[in-house]
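Chain and residue survey
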Amino acid sequence: MATGKIYTQLRTLKAQNKSGFAVLADPDKIAPADMQYLARLCNDAQVDYLFMGGSLLMAHQMELCIQRFKAESDIPVILFPGSPAQVTPYADALLYLTLISGRNPELLIGQHVMSAPQVKASGLEVISTGYIIIDGGIQTTVSYMSNAMPIPADKPEIALCTAWAGELQGKHIIYLDAGSGARTPVTEEMIRKVSAHIEIPLIVGGGILTPEKVYENCVAGANLVVVGNAIERDPLLIRDMAQAAKAAIQNPDNLGISKQNNTGQK
Ligand code: 1GP
């Protein structure tokens, strides 16, 4: 079993039926000059992690963004890379993604072989991640770039079997992602089904717009909820979203406490 500091924290959340909250910053969408402000908001909200990564890397400012963030915050930075080019030792950990919902050999093993020397030399905490893309009701960048078909949103049993396969192969985490900017986030039914039947921590993201949705995802069994787009539009959501994740206790009986929708209205 992996024993890095961040993975140990995530295992503890899973063991205690609790959840954390991560902000996703896409280095192509945020300027290094904005990282100080983002870091302060994350500090005030006691965000658990900053995820850094994107499906493209056009601006080449990721290392500078991480440095600026770290100058203001002790919150760990976890790489969520769209490609091996985004692996940098400036972060604390790396989600070492294997796209197990797809059948694209490059994303199952090809890119891993090419980037192995770089990853080994990075000194990063490497968290082996079974990455599962769920249909988000729209063609997302990740579903296009991966050249792999997402799992239908109404097939939780396929998601569960895929997560089981990842767990059996030794992945340390499962990440259910509807894709950045998804029209429909991963359903609570799917989160519940997967979370209840795996022993490793579960990350959920894609298309989450409101603190209520964060809360519902957490109650359903997400150990870490990741939000990018909604926070880019309104950074002040960070506080309520982080609070919602911490307030949630995973218990199927709690479902239904919060019935607000995911349209951004309260
Ligand atoms: C995508 O889960 C992340 O990989 C975040 O998605 O940008 O839609 O919040 P959003």
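Turning our eyes to something else, we now look at the overall build of the protein chain. A count of helices and strands for the protein chain gives 10 helices and 8 strands. With the C-alpha coordinates of the protein chain rotated into their principal frame, the extents come out at 45 × 40 × 35 Å. Across the 266 residues that make up the protein chain, the buried fraction comes to 54%. Look at the contacts in the protein chain between residues 6 or more apart in sequence, and 76% of them connect residues 24 or more apart. Each charge class in the protein chain was averaged separately, 21 positive and 25 negative side chains, and the resulting centres sit 3 Å apart.

On to the packing of aromatic side chains, then. Under the defined criterion, the tally for this structure stands at 4 aromatic pairs. When the centroid spacing of 6.0 Å and the interplanar angle of 50° are considered together, the rings of Phe51 and Phe80 count as tilted. In this pair, Phe51 is assigned in strand β2 (residues 49-52) and Phe80 in the loop between β3 (77-79) and β4 (93-99), connecting sequence segments 29 residues apart. Residue classification places Phe51 among the buried residues on the basis of a relative accessible area of 0%. With 5.7 Å between their ring centres and 85° between their planes, Phe80 and Tyr131 make a pair best called edge-to-face.

Before going further, it helps to spend a moment on helix α6 (residues 156-168). With 13 residues, α6 extends 18 Å from end C-alpha to end C-alpha; this agrees with the ideal 18 Å at 1.5 Å per step. Taken residue by residue, α6 has Pro156, Ala159, Leu160, Thr162, Ala163 and Gly166 as its buried positions. End-on view of α6: buried residues confined to an arc of 165°, all on one side of the axis. Looking at the packing, one finds that the buried side of α6 touches β5 (125-133), β6 (173-177) and α7 (188-197). Directly after α6, the chain includes Gly170, whose backbone phi takes a positive value near 100°.

With their axes 8 Å apart at the nearest point, α7 and helix α8 (residues 211-220) run at an angle of 30° to one another. Regarding the angle of α7 to α8, the classification is roughly parallel. Read as a crossing pair, α7 and α8 show a hand that is right-handed. The segment α7 lies against α8, with Glu188, Ile191, Arg192 and Ser195 engaging Lys213, Glu216, Asn217 and Ala220. Classifying every residue of the contact of α7 with α8 gives 2 nonpolar, 2 polar and 4 charged.

Attention shifts here to the packing of helix α2 (residues 35-45) against helix α10 (residues 237-247). Between α2 and α10, whose axes approach to 9 Å, the crossing angle comes to 35°. In this structure, α2 crosses over α10, and the sense of that crossing is right-handed. Facing Leu38, Leu41, Cys42 and Ala45 of α2, the residues of α10 in contact are Ile238, Arg239, Ala242 and Lys246.

Another point: the layout of surface pockets. When its volume is computed, the second largest pocket comes out at roughly 210 Å³. Around the second largest pocket, the lining is made up of 13 residues, and of these Ile30, Leu38, Ile231, Glu232 and Pro235 lie nearest the centre. Put simply, the parts of the chain that give the lining of the second largest pocket at least two residues each are β1 (20-25), α2 and α9 (229-233). For the lining of the second largest pocket, the leading source of residues is β1, giving 3 residues. Along the lines of polarity and charge, the residues of the lining of the second largest pocket split into 8 nonpolar, 1 polar and 4 charged.

With that settled, consider the site of the ligand. Of all residues adjacent to the ligand, which total 13 residues, the nearest are Asp177, Ser180, Gly181, Gly207 and Gly228. At 3.1 Å from an oxygen atom of the ligand is found a side-chain nitrogen or oxygen belonging to Tyr175. Protein contacts shield 97% of the accessible area of the ligand, which totals 300 Å² for the unbound molecule. Here the residues of the shell around the ligand are counted per class, giving 4 nonpolar, 8 polar and 1 charged.

What counts and what doesn't
Residues numbered from 1 in each chain as written. Predicted model: local features only at pLDDT ≥ 70, side-chain atom pairs only at ≥ 80, totals over all residues. Heavy atoms only, no water. Helix = DSSP H or I, 4+ residues; strand = E, 2+ residues; numbered from the N terminus. Buried < 20%, exposed > 50% of the residue type's maximum accessible area, 1.4 Å probe, protein only. Contact = heavy atoms within 4.5 Å. Lys, Arg positive; Asp, Glu negative; His and termini not counted. Charge placed at Lys NZ, Arg CZ, Asp CG, Glu CD. Phe/Tyr/Trp six-rings, centres within 6.5 Å; stacked < 30°, edge-to-face > 60°. Expected span 1.5 Å × (residues − 1). Arc of directions from axis to C-beta. Axes fitted to C-alpha atoms, helices over the stretch in contact; angles between N-to-C directions. Parallel < 35°, antiparallel > 145°, perpendicular 65-115°, else oblique. Left-handed = near helix turned anticlockwise from the far one by under 90°. Nonpolar A, V, L, I, M, F, W, Y, C, P; charged D, E, K, R; others polar. 1 Å grid on protein atoms, 1.4 Å probe; cavity = no way out; pocket = protein on both sides within 12 Å on 5 of 7 lines; lining within 4 Å. Points joined across faces, edges and corners; volume = space filled by probe spheres on them. Near = heavy atom within 4 Å. Polar contact = N/O pair within 3.5 Å; in protein donor to acceptor, adjacent residues only side chain to side chain. Areas by Shrake-Rupley, 256 points an atom, 1.4 Å probe, with all protein chains shown as cover.

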